[in-house]
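Residue-level structure breakdown
Below are the chains, spelled out letter by letter.
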Amino acid sequence: KMAVYSDISVDQGTDFSAEVSVDDSDGTLANLTGYTVAGQIRKTYSSSTAVNFVCSITGASTGEITIQLSNTVTAAMKPGRYVYDVEITKTSNGIKTRVIEGQVTVHPGVTQI
């Protein structure tokens, strides 16, 4: 199954959170019991530095994943465009599957208190 392509907008200096629903190849919600999840943002695909999403499986039986960035993390990101993806890993065999990918646009913030 191909990863879903979805662009994300993040306001610099704010908390970001998004829910992701993972489907099986037949279109039904995936059972994520026995999986872990991780995701990263990079300026380009080949960048050596990355920003890690805080990822959690919030509904294993319903394929629900939450990805988050704290306001401290987004405040440190320069405004502009980035790329990201999120992968699940089956714990029993280590097989990784990309579930979502796309661009992140960080919008500059004004309030800094």
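Predicted model, so just to flag it, every value in this text is computed and none were measured.

Let's talk about the environment of Val86
- For Val86, the position within the fold is in strand E8 (residues 80-90).
- By relative accessible area, which is 0% here, Val86 ends up buried.
- Taking the C-alpha atoms as reference, Val86 lies 7.1 Å from Val37; in sequence the two are 49 residues apart.
- Not counting residues up to four positions away in its chain, the partners in contact with Val86 are Val37, Ala38, Gly39, Phe53, Ile67, Thr97, Arg98, Val99 and Ile100.

A few points about the side chain of Thr66
- Tracing the backbone through its elements, the reader meets Thr66 in strand E7 (residues 64-69).
- Classification of Thr66 as buried rests on a relative accessible area of 5%.
- Here the side chain of Thr66 touches Thr58 through a polar contact of 3.2 Å, side chain to side chain.
- With sequence-adjacent residues up to four places away left out, Thr66 is seen in contact with Ser17, Ala18, Glu19, Val54, Cys55, Ser56 and Thr58.

Parameters and conventions
- Residues numbered from 1 in each chain as written.
- Predicted model: local features only at pLDDT ≥ 70, side-chain atom pairs only at ≥ 80, totals over all residues.
- Heavy atoms only, no water.
- Helix = DSSP H or I, 4+ residues; strand = E, 2+ residues; numbered from the N terminus.
- Buried < 20%, exposed > 50% of the residue type's maximum accessible area, 1.4 Å probe, protein only.
- Contact = heavy atoms within 4.5 Å.
- Polar contact = N/O pair within 3.5 Å; in protein donor to acceptor, adjacent residues only side chain to side chain.

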